[in-house]
Amino acid sequence: MIVVFGSLNVDLVTPVERLPGAGETVIGPSYALHPGGKGANQALAARRAGAEVRLVGAVGTDAFADIALSLLAAEGVDLAEVARVEAPTGAAFIAVDADGANQIVVAAGANVEASATPLASLPLGEGDILLLQREVPEAECLKAARRMKQAGGRVILNLAPAGPPDPALLECLDMLVANEHEALVLAQSLGWGEREPDDIARRCDGELGIACIVTLGAEGVVGWHGGVRRRLAAPAINVVDTVAAGDSFTGAFAAALAAGYGFSGALQRGLAAGSLACTAAGAQPSIPRKDAIEALVGQSFL
Ligand SMILES: Nc1ncnc2c1ncn2[C@@H]1O[C@H](COP(=O)(O)OP(=O)(O)OP(=O)(O)O)[C@@H](O)[C@H]1O
């Protein structure tokens, strides 16, 4: 079982000719509403990759809550521990210009109320994995992580959005997933001089005892685990957009670990999922399923 403790949002996406400057208004022709949030996206990614997934978080009592939950429910993510609170459902306001560059404002809303308390009564054990990101309060992430460690399970933090992790939370981690920018923020927050993803991941593994995976976009991924380095190139794909690539990587990586794959097998599956997510538009619609992931892994592109 994978427990995701994290955010649920609704994304409002507006195409614009160009992004607004400070104090400026630009007018787009329309907008689209999509379910999103890193917690929700990674829960869906792990579910589509074949795992049993339970999402713990919070939405409001507004109409956006149903949009945030719709796809997760349809795909069989267990939502019993998603609380309905007196706050607006989290929302991301996204403007995308003609070149695909974007500007995003996130209103955390109900995500601020997300509580780790439900984990106390969940039947957690050794085979379970807790997956965390940085869009719900860190103090609650720490409680959730301590609960999972007490139950004997593993804790994975996706260090997104970038920020310095709480040292107490680091002590609970088995694995950390970051993109290049997030890895650099981690190194700086720890006072490390390393700047290269490979060096940061090696030091994280060697010094903190936390297996570290740095995703490298089109370059693939590098990971260090137990003093062993793994470097995998991404498959050549036709990129439509890279939205949710990182979430697909992390969810599928966790699902593979939960299914019993070792570090290398999980990296392969995360990489395949991240790359497949780039071949279709949007966030949750582009998150790939197990059969597509296994087919790509089976092509031995690695
Ligand atoms: N251009 C690309 N070609 C092939 N694979 C890609 C490409 N971009 C991303 N990926 C895949 O997605 C994974 C995660 O990408 P990336 O390192 O950009 O994470 P990210 O910055 O968290 O992504 P995002 O914020 O866009 O969701 C990569 O390890 C790779 O498997």
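Not measured: the values here are computed from a predicted model.

## Some remarks on the packing of helix α8 (residues 245-258) against helix α9 (residues 263-277)
Turning to step 1, where the next piece is worked out: Two elements in contact, α8 and α9, have axes whose closest approach is 7 Å; the angle formed by their N-to-C orientations is 150°. One finds that α8 runs roughly antiparallel with respect to α9. Crossing angle aside, the handedness with which α8 passes α9 is right-handed. Contact residues: α8 offers A245, G246, S248, F249, T250, A252, F253, A256 and L257, while α9 offers G265, A266, L267, R269, G270, L271, A273, G274 and A277.
Turning to step 2, where the next piece is worked out: Class assignment for the residues of the contact of α8 with α9 results in 11 nonpolar, six polar and one charged.

## A look at the site of the ligand
Turning to step 1, where the next piece is worked out: Surrounding the ligand, one finds 22 residues, the nearest of these being T215, A218, A245, G246 and G274.
Turning to step 2, where the next piece is worked out: The set of elements that each furnish at least two residues to the shell around the ligand consists of α8 and α9.
Turning to step 3, where the next piece is worked out: Broken down by class, the residue content of the shell around the ligand amounts to 13 nonpolar, eight polar and one charged.

## Remarks on the sheet that holds strand β7 (residues 102-107)
Turning to step 1, where the next piece is worked out: Here four strands make up an open sheet; going across it, the order is β3-β2-β6-β7 and the pairing mixed. Here the strands that pair on one side only, and so sit at the sheet edges, are β3 (32-36) and β7. Within the sheet, the average angular offset between the axes of one strand and its neighbour, ignoring direction, is 20°.
Turning to step 2, where the next piece is worked out: Here six bridges tie strand β6 (residues 90-96) to β7, and the two strands are oriented antiparallel to one another. Bridged to V96 within β7 is N102.

## Things to note about the nonpolar core
Turning to step 1, where the next piece is worked out: Core analysis: the largest hydrophobic core is formed by 96 residues, its most contacted members being I2 and A46.
Turning to step 2, where the next piece is worked out: Considering every element that reaches this core, the biggest residue donor is α8, with nine residues.
Turning to step 3, where the next piece is worked out: Beyond its immediate chain neighbours, meaning those up to four positions away, A46 contacts I2, A51, V53, L131, G251, A252, A254 and A255.

## Considering unusual backbone geometry
Turning to step 1, where the next piece is worked out: The linkage connecting A160 with the following residue, P161, adopts the cis geometry, with an omega of -5°.
Turning to step 2, where the next piece is worked out: With respect to the secondary-structure elements, P161 resides in the loop between β9 (154-158) and α5 (167-170).
Turning to step 3, where the next piece is worked out: At A244, a residue that is not glycine, the phi angle is positive and equals roughly 70°.
Turning to step 4, where the next piece is worked out: Among the secondary structure elements, A244 is positioned in the loop between β13 (228-232) and α8.

## What to know about the UniProt feature "binding site: ATP" (unreviewed entry) in the protein chain
Turning to step 1, where the next piece is worked out: Look at the UniProt record and you will see "binding site: ATP" (unreviewed entry) annotated at N179, T215, L216, G217, A218, E219, G220, G246 and D247.
Turning to step 2, where the next piece is worked out: Tracing the sequence through the fold places T215 in strand β11 (residues 211-215).
Turning to step 3, where the next piece is worked out: Residue class for T215 comes out buried when judged on the 28 C-beta atoms lying within 10 Å of it.
Turning to step 4, where the next piece is worked out: With sequence-adjacent residues up to four places away left out, T215 is seen in contact with N179, V221, G246, F249 and G274.

## With respect to the UniProt feature "active site" (unreviewed entry) in the protein chain
Turning to step 1, where the next piece is worked out: The UniProt feature table records "active site" (unreviewed entry) at D247.
Turning to step 2, where the next piece is worked out: Here D247 lies in helix α8.
Turning to step 3, where the next piece is worked out: Other than its neighbours up to four places away in sequence, D247 contacts K38, N41, Q42 and A45.

## What about the sheet that holds β9?
The strands making up a sheet associate through backbone hydrogen bonding, with each pair oriented either parallel or antiparallel.
Turning to step 1, where the next piece is worked out: A sheet is described by the order of its strands in space; here nine strands give the open sequence β5-β4-β1-β8-β9-β10-β11-β12-β13, paired in mixed fashion. What marks the edges here is a single partner per strand, and that holds for β5 (82-84) and β13. Within the sheet, the average angular offset between the axes of one strand and its neighbour, ignoring direction, is 15°.
Turning to step 2, where the next piece is worked out: Two strands pair when backbone bridges link them, and β11 and strand β12 (residues 221-225) are joined in this way by four bridges, in the antiparallel orientation. By the bridge assignment, C212 is partnered in β12 with W224.

## Details of helix α2 (residues 63-74)
Each α-helix winds once per 3.6 residues, and so residues spaced three or four apart point in a common direction.
Turning to step 1, where the next piece is worked out: Compared with the 16 Å implied by 1.5 Å per residue over 12 residues, the 17 Å span of α2 between its first and last C-alpha is a close match.
Turning to step 2, where the next piece is worked out: Within the span of α2, buried status applies to F64, A65, I67, A68, L69, L71 and L72.
Turning to step 3, where the next piece is worked out: Looking at the buried residues of α2, the elements they touch are β2 (9-15), β3, α1 (38-48), β4 (53-59), β5 and β6.
Turning to step 4, where the next piece is worked out: Within two residues after α2, G76 carries a phi angle of roughly 90°, on the positive side.

## Notes on α9
Turning to step 1, where the next piece is worked out: Across its 15 residues, α9 extends 21 Å between first and last C-alpha, which sits within 8% of the 21 Å expected from 1.5 Å per residue.
Turning to step 2, where the next piece is worked out: With respect to burial, α9 is a largely interior element, 12 of its 15 residues being buried.
Turning to step 3, where the next piece is worked out: Buried residues in α9 make contact with α1, β11, β12, β13, α8 and α10 (290-298).

## Focus on the pairing of strand β10 (residues 175-179)
Turning to step 1, where the next piece is worked out: When you tally the buried positions in β10, you get five out of five residues, the bulk of the element.
Turning to step 2, where the next piece is worked out: Along β10, one buried face is formed by M175, V177 and N179 and the opposite face, lined by L176 and A178, is buried too.
Turning to step 3, where the next piece is worked out: Here β9 runs beside β10; their pairing, made up of three bridges, is parallel. Paired with L157 across the bridge in β10 is L176.

Conventions used here
- Residues numbered from 1 in each chain as written.
- Predicted model: local features only at pLDDT ≥ 70, side-chain atom pairs only at ≥ 80, totals over all residues.
- Axes fitted to C-alpha atoms, helices over the stretch in contact; angles between N-to-C directions.
- Helix = DSSP H or I, 4+ residues; strand = E, 2+ residues; numbered from the N terminus.
- Parallel < 35°, antiparallel > 145°, perpendicular 65-115°, else oblique.
- Left-handed = near helix turned anticlockwise from the far one by under 90°.
- Contact = placed C-beta atoms within 7 Å.
- Nonpolar A, V, L, I, M, F, W, Y, C, P; charged D, E, K, R; others polar.
- Near = placed C-beta within 6 Å.
- Pairing = 2+ DSSP bridges.
- Core = buried A, V, L, I, M, F, W, Y, C linked by C-beta atoms within 7 Å.
- Buried ≥ 20, exposed ≤ 12 C-beta atoms within 10 Å, placed from the backbone.
- UniProt positions renumbered as here; feature names shortened; annotations may be inferred.
- Expected span 1.5 Å × (residues − 1).

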